[in-house]
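# Geometric and topological summary
Residues per chain are reported as follows:
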Amino acid sequence: MSRIELPNPRPASSEIARDINRRVVLNLIRSRQPISRADLARCSGLQRSTVSLIIEQLIGERWVIEGSTGRLPRGRRPTFLRLNDKRAVIGIDIRPVQTTVALADVNGRFISQEVMATPADPQTAMDELTGRLRHLLHSHSSMMFEGIGISLPGRFDLASQRLVFAPNLKWPDFDLKTPIERATGLEVELENAANACVLAEVWFGQTQGIRNLVVVTVSEGIGTGIFVNGQLARGLNGMAGEFGHVPLDPDGPVCTCGGRGCWEVFASNRAAVRYYLESTSQAGGPSFQDLLVLAEQGDSRAAKALDTMAHYLGRGMRMIVAGLAPELIVVVGELTRSWHRFGPVIEAEVSAQVLAGSAPRVMPAHEGAVARLRGTVALVFQKHFAAS
Ligand SMILES: [Zn+2]
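What comes next concerns the included structure. (Residues numbered from 1 in each chain as written. Predicted model: local features only at pLDDT ≥ 70, side-chain atom pairs only at ≥ 80, totals over all residues. Heavy atoms only, no water.)

### So, the pairing of strand S3 (residues 87-94)
- Across the eight residues of S3, eight count as buried, placing the element largely inside the fold.
- Side chains Arg87, Val89, Gly91 and Asp93 of S3 all project onto a buried face; the interleaved residues Ala88, Ile90, Ile92 and Ile94 project onto the opposite face, where all are buried too.
- Here six bridges tie S3 to strand S6 (residues 144-152), and the two strands are oriented parallel to one another. Bridging from a neighbouring strand, Ala88 pairs with Phe145 of S6.
- Here seven bridges tie S3 to strand S4 (residues 98-105), and the two strands are oriented antiparallel to one another. Following the sheet pairing, Ile90 is matched in S4 by Leu103.
- Hairpin remark: S3 followed by S4, antiparallel, with three residues in the connecting loop. (Buried < 20%, exposed > 50% of the residue type's maximum accessible area, 1.4 Å probe, protein only. Helix = DSSP H or I, 4+ residues; strand = E, 2+ residues; numbered from the N terminus. Pairing = 2+ DSSP bridges.)

### Brief notes about the pattern of salt bridges
- If you walk through the whole model with that rule in mind, you get 20 salt bridges.
- Put simply, Lys177 and Glu181 hold a salt bridge, and the shortest N to O gap is 3.7 Å. With Lys177 and Glu181 both in helix H5 (residues 177-184), this residue pair falls four residues apart, about one helical turn.
- Look at Lys177 and you get buried, because its relative accessible area is 18%.
- Here Arg318 ties to Glu349 by a salt bridge, and the two come within 2.8 Å at their closest N and O atoms. (Salt bridge = Lys/Arg side-chain N within 4 Å of Asp/Glu carboxyl O.)

The structure is reproduced here in structure tokens:
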């Protein structure tokens, strides 16, 4: 009989305690900067001398810098500390159609962003990306680069370090990590886009204190990132969260995964475009962005197509609500630009079938346009800031 393995508590060595304290201090600086040593000691509950030692180390490593001095009625003037915004990360958001390469500082502020068409084969993509990355590193030589975070439209298996499921990208099994690490000398972190968006919400969003959260990314397909009991759920082979490929109708249209009638076939951006085309004899189709604009201009067919998509989105979210009972569902995607149109329909669908208690809140991502990119930044910085 197999047993469930319980976490095995080990006594903390002084080294572990030091590492935890360092993360606590670094996080307090991040969230409350500029902040004095005295306030850090007060907020953290650590001894003033411990805080001073950690700060000395963080200044030495150039994670933290001293800024202005404060004024007090009497006594010594405190020096305020803040994160060194010369610390930077490169974020790459790979989507089936386009790829964005961005440079962000330790506070998650974007310094530059460039967009390229996503090549059909990964080798060409790697060649183009490494060229752009070298240029970016060269043109910002005063920055200290912490690493590269990449978000992918598919599932990435941490154990094998391979992209295991990316039906909308259509790339063969390919090692994305090694060539980029070799070309740049920086460590690369890869993650599914929806999981990266969960990290973005947790790190940069308005979700502090929320321990049960699901992010639904809606674009060419639908992905979900699951944060349960304060942790990202990965599942076997990193495949947790594929609600988009749960069939809602076995006789429905064929999906990119090979199945039929999956949730994403009814509720993705592509689905809305299909609904629109089905209602018109017009040749050539608009893009999803065009549909959003058309609907705002009063085009009733575009509005109807988006409404159908919204209903399916809400209905599919019932699976998530019944299965995971999140406090909050955050939606990421172009649709959040027309949230006044989508939000009420989705919320009505979700709350129409609540088993007990109250329905989760459903809200658009904080700064939706850059949610995926923020995720790539969080991927790298969480290594230093997360309380492990
Ligand atoms: Zn599918």
